[in-house]
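So you can see what is in the structure, the chains are spelled out below.
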Amino acid sequence: MTSPIYIESLHLHNIRTFEDDTDVKFHLENGEIPQWTLILGDNGIGKSTLLQCIAWMKPYLPYKKDEIPDDFIPAPIINDEENEVLEDLIKKSSNEISTGKISANFISGRKLNKTKKGSIENNCNTSIEIKVKGEELLDVKTDLKTEENSIFYNGEEIFLIGYSASRQLGKLNIENKLLYDNIQSFIAEETILFDAEDILHTVNYAYLGEENQNKRKNYKTYLSSLKKMLTSIVPDVNPSDKIIIQPPKLSNKKNSSAKILFKNNLGDIVSFSNTSLGYRSTITWTLDLAWRLFKKYPNSKDPLKEPAIVLIDEIDLHLHPKWQRKIMASLSEQFPNVQFIATAHSPLMVQAALNSNYVVLQQNGNKVYLENNPVTIDGWKIDEILTSDFFGLKSSFGPKYDEILSRREELLKKEKLSKKESKELEEIDKELKKLPIGATPEEVENRKLISDLVEKIRKDNIIIEL
């Protein structure tokens, strides 16, 4: 396996919503880099900006060590962006000079979910400083510092892949070399995915038609890995023999095109094109990742086990709650050396990520604040997560009851209530007693029966001796 390179931290100052110094940690307090970092926060608060800045900070070292021109200056890939893009990153203040900074630290030699002990590591720090005055770009300074240049040359450079929230399903495009590096399209939020069906058919044809026995064996192993990966990730499809790669059929009566078919647990056979958008999108981007690993590491015995950094905007997009709960564990199992950094809106994703790193964005006035690993959520229920700092909801009962609770707090803060306000508070308390409390429908019903029984005992003045 290739020596892994991951991102350890990111620093921003005066970049879009991040006006103050903001440090994002992709490691735990003990130095361990977990496989998953979940970024949470409201829409428009800056989650996508963090992912884009990670991508922008990737070192740009495109040459082999013995082919570097004398005037070549290593820099992060953001250095190639247009002036207008750089200007728009900075939060400006009238006609004064405004400065924005981004820096990132990448680390090689440390395995995921392992502490630093006993490993030989090298760091690479990339940075950019942008100065503007009004709408005028004044100055741009980039820097790249590394202890060991060789880890970024000869094919060992950081392998970083991005999937924006706008993931477009491609068609017959797996040999399009312009799509091999998808960072720019990710930053532009227009990720074009490789054709999932074309990937499976191509690998299948390569396996069936290869005469070299070693290559044939490798293709067969890779094809098996793809099927295993899909059956692990896709709900209701378990054994890999339930994924059918059907070549074109020719007959005197009717011709049929090549198809990818899925056999679900009910025994129904469904073609890939007839699955839901959530199925097609998730199947496609995971196959896209597997294909990119194969193309990056063509000599690997198991490309899915090779290292990479993968950025996913809105990983829970189109996913049913049951799928949200299992997809992170499935991806971890199938891509064990990939560092996943994803944004999400679902408490189910948080609940499923017990050993992950959390980054929570919150807004206070015009400023955005960031908190790394705010609390441990081991054993928490969904409503507890929703009303925590992760999501900041007042309650898990809906807008109507949020208004009632806010009014109750307002009344309780008063030193003295009028008769009308006292009556209102009494009615609010009665209304709140009707709220269903419990983790399951059965528990809710049991609690309601107990509450009704207590009310009847009080009403009829029944005395119970214990």
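Refer to the structure printed above.
Since the structure is predicted, the reported quantities are computational estimates derived from the model, not experimental observations.

What counts and how
Once a new chain begins, its residue numbering starts again from 1 and follows that chain's sequence as written. Given that the model is predicted, a residue must reach a pLDDT of at least 70 before its local features are reported, and side-chain atom pairs must reach 80 or more before they are shown or counted; all residues, however, enter totals for whole chains, interfaces and linings. Hydrogens and waters are ignored; side-chain quantities use all the structure's heavy atoms. For two strands to pair, DSSP has to find at least two bridges joining them. Segments assigned H or I by DSSP are reported as helices when at least four residues long, segments assigned E as strands when at least two residues long, and all are numbered from the N terminus. Axes here mean lines fitted to C-alpha atoms, for a helix over just the part in contact, with angles spanning 0 to 180 degrees between N-to-C directions. Here, residues are in contact when the closest pair of their heavy atoms is within 4.5 Å. We call two directions roughly parallel when the angle between them is under 35 degrees, roughly antiparallel when it is over 145, roughly perpendicular when it lies between 65 and 115, and oblique otherwise. By the convention adopted, Pro, Cys, Tyr, Trp, Phe, Met, Ile, Leu, Val and Ala count as nonpolar, Lys, Arg, Asp and Glu as charged, and the other residues, Gly among them, as polar. Expected helix span is computed as 1.5 Å times (number of residues minus one). Throughout this description, buried means an accessible area under 20% of the type-specific maximum (1.4 Å probe, protein chains only), exposed means over 50%, and partly exposed covers the range between. An arc is given here, and it is the one of the directions from the helix axis to the C-beta atoms. Each Phe, Tyr or Trp ring (for Trp, its six-membered ring) is paired with any other whose centre lies within 6.5 Å, and the angle between the two planes then decides the class: stacked below 30 degrees, edge-to-face above 60, tilted in between. The criterion for a charge sitting over a ring is simple: Lys NZ or Arg CZ within 6 Å of the ring centre, and within 35 degrees of the ring normal.

### Overview of the sheet that holds strand β3 (residues 36-40)
No. 1: Sheet architecture is open: six strands sit in the order β9-β15-β16-β3-β17-β18, paired in mixed fashion. In this open sheet, the two edge strands, each paired with only one partner strand, are β9 (160-163) and β18 (367-372). Going from strand to strand, the sheet's axes swing by 15 degrees on average, the running direction of each strand aside.
No. 2: With respect to the sheet, helix α1 (residues 47-56) is in contact with β3, β9, β15 (308-312), β16 (338-344), β17 (357-364) and β18, its orientation differing from that of β16 by roughly 155 degrees.

### Quick look at the packing of helix α5 (residues 213-233) against helix α7 (residues 321-334)
No. 1: The N-to-C vectors of α5 and α7 enclose an angle of 155 degrees; their axes lie 8 Å apart at closest approach. Of the possible angle classes, the one that applies to α5 and α7 is roughly antiparallel. Of the residues in α7, those in contact with Lys 228, Met 229, Ser 232 and Ile 233 of α5 are Trp 323, Lys 326, Ile 327, Ser 330, Leu 331, Glu 333 and Gln 334.
No. 2: Taken together, the residues that form the contact of α5 with α7 break down as five nonpolar, three polar and three charged.

### Regarding the sheet that holds strand β8 (residues 136-146)
No. 1: Reading across the sheet, the five strands line up as β2-β1-β6-β7-β8 and stay open at both edges, with antiparallel pairing between neighbours. Of all strands in the sheet, those bounded by a partner on one side alone are β2 (22-25) and β8. The average undirected angle you get between the axes of adjacent strands in this sheet is 10 degrees.
No. 2: Relative to strand β7 (residues 122-133), strand β6 (residues 97-108) runs antiparallel, the two being bridged by twelve bridges. Paired with Asn 105 across the bridge in β7 is Asn 125.
No. 3: The strands touched by α1 are β1 (5-13), β2 and β6; relative to β1, the strand with the most contacts, the crossing angle is about 120 degrees.

### What about helix α11 (residues 419-433)?
It helps to recall that an α-helix has 3.6 residues per turn; residues three or four apart then point in one direction.
No. 1: Here α11 is 15 residues long and its end C-alpha atoms lie 21 Å apart, about the 21 Å a rise of 1.5 Å per residue gives.
No. 2: Listing the buried residues of α11 in full gives Glu 421, Leu 425, Ile 428 and Leu 432. Seen from one end, α11 has its buried residues packed into an arc of 60 degrees, which puts them on one side. Exposed side of α11, more than 90 degrees from the buried face: Lys 419, Lys 420 and Lys 433 are the residues found there.

### Here's the deal with the packing of aromatic side chains
No. 1: Considering all chains together, one arrives at seven aromatic pairs under this definition.
No. 2: Measuring from centroid to centroid gives 5.2 Å for Tyr 163 and Trp 285, while their planes differ by 45 degrees, and the two rings are tilted. Of this pair, Tyr 163 sits in strand β9 while Trp 285 sits in helix α6 (residues 277-296), and the two are 122 residues apart along the sequence. For the pair shown, Tyr 163 and Trp 285 are each scored as buried.
No. 3: Geometrically, the ring pair formed by Tyr 222 and Phe 294 is stacked, given 4.4 Å between the ring centres and 20 degrees between the ring planes. With Tyr 222 in helix α5 and Phe 294 in helix α6, this pair connects stretches of sequence that are 72 residues apart.
No. 4: The buried category is assigned to Tyr 222, whose relative accessible area is 3%.
No. 5: Using a relative accessible area of 17% as the deciding quantity, one classes Phe 294 as buried.
No. 6: What links up through ring pairs into an aromatic cluster is the set Tyr 222, Trp 291 and Phe 294.
No. 7: In this arrangement the basic side chain of Arg 216 is found over the ring face of Tyr 207, its NZ or CZ atom lying 4.5 Å from the centre.

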